[in-house]
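# Observations on the three-dimensional arrangement
Spelled out, the chains give:
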Amino acid sequence: MKGGIINTFSTLAFAETTFAILRNEKNIGDVKTLNQRSRANRDIVNNWIAASDLFQLGVENETARGAAVTLLKVTDSDIEDPAVHERIIVKSKQMLGYEGITHSDGSHEKGLDVARYVNAFPGSPGDYRAWIGGIRPQEDISALLENIQFCYLRAKIAVIEELLEAAGESYDSAVVAAADSNTRVDDANRAYKVLVADLIGMVFDADGNADYSEVKAYIESKGGEFHLGPVGDEAALAKGKLHFFYQPELSREDELLAQTSEGQYDAVIAAATFLPAASKFELGGVRIGAGTGNMGSASWGGGNGDGGVAPLMNTPSFNSRATAQTAMKALLKVLPDLQVEKMHELVVAGEFDTGKNLAEYPTTKLEGKRLAVIGYGNIGREVAKLGAAFGMQVTVYAREAHRQWIESEGFTYAATIVEAAKDADVISPHTGLGALNADTGVFSNAGIINAEVFSAMKQGAVLVNYDRGEVVDIDALDAALSSGQISYAAIDADLFKDPASGELSGPMVPYRNIHHKHEGKMELLPHAAADTEHMSRVEGAKQAVDQIYGVIQFAKVTNLKGDLPEGYSNAGAKTVNGVGKVSASSVANLDDAQVQQLSDAAHMMAAYWGAINATQDADRRAALIAEYSEQMVLQSNIYGSVLQQNGLQGPFSK
């Protein structure tokens with residue numbers, strides 16, 4: 001056999017062998033249906049092979065081909081020596097199995113888990129034997145064939161490297177070359193200047209000074225330099241380095257433009273500071289946090305990143321949990337509706353008798369209440385998880401593409417905001433402002449929490465808006481508070497004050513204008529939830545520093561918002577472990593012990609549930625449940641805990 005592999009775990013083999021017939025009949029249908037699928041799958045294989053320059057079918061006579069397996073033969077015009085051909089086939093099967101392949105320079109490529117579906121037996125025509133038949137879903141067939149092709153090509157590279165080494169020739173390993181894609185694009189004779197326009201620490205000393213030492217040390221550990229105040233003598237700045245100028249006191253437009261309107265800084269890091277359109281940063285900007293509405297520079301096309309020459313980025317997820325937890329704190333102030341302050345006063349005054357007076361203060365619990373979460377981004381999902389932890393019935397409105405993930409986490413999906421709000425006790429929007437309409441000057445999500453939404457909720461419902469002030473229709477909220485349809489509104493939105501005139505501006509202003517009419521029914525905060533937690537700010541600032549380095553040194557954009565400018569590559573998203581979407585890299589980061597834990601737990605659960613599903617005799621099923629359920633629950637807890645600890649629950653990012 002030319003490197004053939006049979007690689008199947010015994011537990012999984014037992015489960016598949018024992019329950020395969022029942023499972024296939026349940027999932028696919030009877031034998032006739034299975035045969036029909038076999039023919040359809042064979043057509044997919046034929047079409048794929050017909051379009052391939054690398055493969056041919058091992059059995060050319062169509063009538064002689066079996067339904068269960070497909071024999072593949074490689075016809076690589078580059079390889080004329082049969083011995084070299086055989087070496088490639090053998091090595092490719094190492095990669096198709098768990099072994100992987102090691103290149104001659106010692107670099108290693110992990111194998112793929114497809115060994116149980118690909119083999120080659122002695123004397124059979126062709127190089128690969130692929131198990132397909134009628135059981136395999138059609139969408140898996142092309143993926144399987146592409147995996148075979150990929151492994152052949154990677155093995156071909158490895159064999160050619162071995163031949164080159166044997167001939168005494170030098171080369172760059174394919175693995176090393178692929179990994180070394182971080183080509184520096186920065187200028188060693190240039191000093192790069194980065195403005196840090198907000199606090200990068202939220203712990204204060206006795207004099208009220210914020211501690212920036214952690215981020216300063218982080219910048220210096222990367223070879224950068226940290227400066228207090230604006231750029232001074234540019235000629236004195238060390239070349240080939242990134243220089244960060246810390247000026248959190250900048251706030252007003254005139255102050256900012258005095259230092260940025262002529263491109264004095266190459267890039268910027270900001271949190272709450274609003275950057276005017278005329279501020280210039282030719283190499284990009286990062287917002288510490290998720291929303292980028294305050295990043296108004298025309299360098300990247302404003303807060304949505306629509307056009308421009310520089311990339312706009314954010315650091316989503318660092319403050320997601322802080323925001324979600326603060327939103328829950330606002331809710332817990334009124335639900336459960338226990339009169340805490342009044343009872344506290346009576347207890348302190350000695351005017352309360354538990355046996356006699358406690359019945360005068362009935363309350364309800366959060367468990368069973370309906371929570372409508374509008375938006376399934378990082379913060380919305382965290383709020384939904386917290387609501388579920390309190391036993392609330394959570395409904396989430398989001399785009400249809402998120403439905404399977406919302407439902408997989410145990411939440412109810414709603415196709416519209418009104419549907420989510422129906423009979424809800426609490427509503428919490430988390431959509432962000434959306435795109436700005438250049439003609440009207442209005443954001444697409446402005447006013448989406450309107451009269452129709454409030455009317456759909458239960459009488460006396462609660463609004464918690466820790467998203468953006470503009471997403472709520474103020475007139476509708478005013479009317480709902482007046483009628484009692486909404487009993488309480490907690491709002492966290494930006495508020496700005498002109499130091500000269502004292503004039504207030506920002507999305508909080510309309511809420512202030514109606515507050516006097518609803519004393520005791522409104523709580524107003526100045527967008528404090530996302531921006532006042534020390535750890536979130538420090539870690540967000542560190543990632544912002546990394547993203548600035550990535551853009552300047554490698555032209556790689558992490559957490560891109562809006563359009564990708566010419567000359568840059570998209571490095572994808574980076575979020576806090578457990579917040580946001582799961583990615584393939586999240587799985588790849590598991591260590592061997594964790595993989596073993598998950599594997600052991602999964603095999604035990606598969607065997608247990610397979611046995612329960614296949615056992616129709618009531619007494620025998622009861623005996624299995626009595627004997628093995630404790631282990632099943634234990635392994636289920638272990639499985640879920642490992643997934644949670646490593647951020648492997650939630651929607652997946654492809």
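Cut-offs applied
Residues numbered from 1 in each chain as written. Predicted model: local features only at pLDDT ≥ 70, side-chain atom pairs only at ≥ 80, totals over all residues. Heavy atoms only, no water. Helix = DSSP H or I, 4+ residues; strand = E, 2+ residues; numbered from the N terminus. Buried < 20%, exposed > 50% of the residue type's maximum accessible area, 1.4 Å probe, protein only. Contact = heavy atoms within 4.5 Å. Areas by Shrake-Rupley, 256 points an atom, 1.4 Å probe, with all protein chains shown as cover. Expected span 1.5 Å × (residues − 1). Phe/Tyr/Trp six-rings, centres within 6.5 Å; stacked < 30°, edge-to-face > 60°. Lys NZ or Arg CZ within 6 Å of the ring centre and 35° of its normal. Core = buried A, V, L, I, M, F, W, Y, C linked by side-chain atoms within 4.5 Å. pLDDT = per-residue confidence, 0-100. Patch = residues over 30% accessible without salt bridge, like charges linked within 9 Å, V, L, I, M, F, W, Y side chains within 5 Å. Salt bridge = Lys/Arg side-chain N within 4 Å of Asp/Glu carboxyl O. Lys, Arg positive; Asp, Glu negative; His and termini not counted. Charge placed at Lys NZ, Arg CZ, Asp CG, Glu CD.

## Observations regarding the overall build of the chain
- Scanning the chain for helices and strands turns up 20 helices and 23 strands.
- Within the chain, the proportion of its 654 residues that are buried is 44%.
- When contacts within the chain are restricted to residue pairs at least 6 apart in sequence, those whose partners lie at least 24 apart make up 62%.
- With the model as given, the accessible surface of the chain reaches about 32700 Å², and the carbon-plus-sulfur share is 51%.

## What about helix H17 (residues 534–554)?
- Taking 1.5 Å of rise per residue, the 21 residues of H17 would be expected to cover 30 Å, and the 30 Å separating its terminal C-alpha atoms lies within 8% of that figure.
- With 17 of its 21 residues buried, H17 lies for the most part within the structure.
- Immediately downstream of H17, the backbone of Ala555 shows phi near 55°, a positive value.

## Re unusual backbone geometry
- Residue Leu335 is joined to Pro336 through a cis peptide bond whose omega torsion reads -5°.
- Mapped onto the elements, Pro336 comes out in the loop between helix H8 (320–332) and helix H9 (340–348).
- Phi at Ala555 is positive, roughly 55°, even though this residue is not glycine.
- Within the secondary structure layout, Ala555 lies in the loop between H17 and strand E22 (556–558).
- What makes Ala555 buried here is its relative accessible area of 11%.

## Focus: the packing of aromatic side chains
- Taken as a whole and assessed by the stated rule, the structure comprises 10 aromatic pairs.
- Summarising the aromatic geometry, the rings of Phe352 and Tyr361 are spaced 5.8 Å apart at their centres and angled 40° between planes, so their arrangement reads as tilted.
- Given the relative accessible area of 11%, Tyr361 is considered buried.
- Taken together, the ring pairs in this structure connect Trp48, Phe55 and Tyr128 into an aromatic cluster.
- The ring of Tyr549 has Lys222 lying over it, and the distance from NZ or CZ to the ring centre is 4.8 Å.

## Observations regarding the nonpolar core
- Membership of the largest hydrophobic core comes to 31 residues, with the highest contact counts inside it found for Ile427, Ile449, Phe454, Leu463, Leu477 and Ile486.
- Sorting the residues of this core by element identifies strand E13 (370–374), helix H13 (417–421), helix H14 (451–456), strand E17 (461–465), helix H15 (474–483), strand E18 (486–492) and helix H16 (509–515) as the ones contributing at least two each.
- Among the elements that line this core, the one with the most residues is H15, at five residues.
- Ignoring any residue separated from it by four or fewer positions in sequence, one finds Phe454 in contact with Ile449, Leu463, Val472, Ala476, Leu477, Ala480, Gln485 and Ile486.

## Describing the confidence of the model for the chain
- Here the chain shows a mean pLDDT of 87. Residues at 70 or above account for 89%.
- Confidence drops under a pLDDT of 50 for residues 4–18, and excluding neighbours within four residues, the segment shows 23 contacts in the predicted structure.
- Across residues 176–180, confidence stays below pLDDT 50; counting only partners more than four residues off in sequence or on other chains, it has one contact.

## So, a negative patch on the surface
- Among the surface-exposed residues, Asp205, Asp207, Asp211 and Glu214 lie close enough to one another that they form a single negatively charged patch.
- Positionally, Glu214 belongs in helix H6 (residues 213–221).
- With relative accessibility at 37%, the residue Glu214 sits in the partly exposed group.

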